[in-house]
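# Structural overview for review
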Amino acid sequence: VQLVESGGGLVQPGGSLRLSCAASGFTFSSYTMSWYRQAPGKGRELVASISSNGGITNYADSVKGRFTISRDNAKNTVYLQMNSLKSEDTAVYYCKALWASRQLNYWGQGTQVTVSE
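Residue positions within a chain follow its written sequence, with the count starting from 1. Note on the predicted model: pLDDT of at least 70 is required for a residue's local features to be given, and 80 or more for side-chain atom pairs to be given and counted; whole-chain, interface and lining totals, by contrast, use all residues. No hydrogens and no water enter the side-chain calculation; it runs on all heavy atoms of the structure.

What follows deals with the pattern of salt bridges. Each reported salt bridge corresponds to a side-chain nitrogen of Lys or Arg within 4 Å of a carboxyl oxygen of Asp or Glu. The tally for this structure, following the rule as stated, stands at 4 salt bridges. A salt bridge links Asp61 to Lys64, with the nearest nitrogen and oxygen atoms 3.1 Å apart. Relative accessibility under 20% of the residue-type maximum defines a buried residue, over 50% an exposed one, and the middle range a partly exposed one, all with a 1.4 Å probe and only protein chains included. The partly exposed category is assigned to Lys64, whose relative accessible area is 49%. Notably, a salt bridge pairs Asp89 with Arg66, separated by 2.8 Å at the nearest N-O pair. One end of the pair, Asp89, is in the loop between β8 (77-82) and β9 (91-99); the other, Arg66, is in the loop between β6 (57-59) and β7 (67-72), with 23 residues separating them in the sequence. Relative accessible area serves as the criterion here: at 10%, Arg66 is assigned to the buried category. What emerges from the salt-bridge pattern is a single network uniting Arg37, Glu45, Arg66 and Asp89. Secondary structure is summarised from DSSP: a helix means a run of H or I of at least four residues, a strand means a run of E of at least two, and numbering begins at the N terminus for each.

As structure tokens, then:
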């Protein structure tokens, strides 16, 4: 099982980034996918989630209207489009796969996003 995040980097405030999380080794289309983030000295927080068929999405209040989660089950990939980035969005971003009824979950290794002048 692998979840590999990519797309992080350094961006100025107001800029955009698109994170990707490529999955392998499990039935991607059966899992709810989520993005979490962890800023220095803080706990890991849920940013956004998307149901297995993509029909239901949820967002943290802090990112509503700025971030969009999406998935491509044919490519086994989940995305996080981040617009209007703020310094407080600086964190390591992780993707997570969850099949709640079977108590299965997997995490990626994370990708750093830094929003700074």
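We call a set of buried Ala, Val, Leu, Ile, Met, Phe, Trp, Tyr and Cys residues a nonpolar core when their side-chain atoms join them within 4.5 Å. Counting residues in hydrophobic clusters, the biggest one holds 28 residues, and the most contacted among them are Trp35, Leu80, Met82 and Tyr93. For this core, the secondary-structure elements that each account for two or more residues are β3 (17-24), β4 (32-38), β5 (44-50), β7, β8, β9 and β11 (111-115). Only heavy atoms enter the contact rule, under which two residues are in contact if any of them lie within 4.5 Å. For Leu80, the contacting residues outside a window of four places in its chain are Leu17, Arg18, Leu19, Trp35, Val47, Ala48, Phe67, Thr68, Ile69 and Tyr93.

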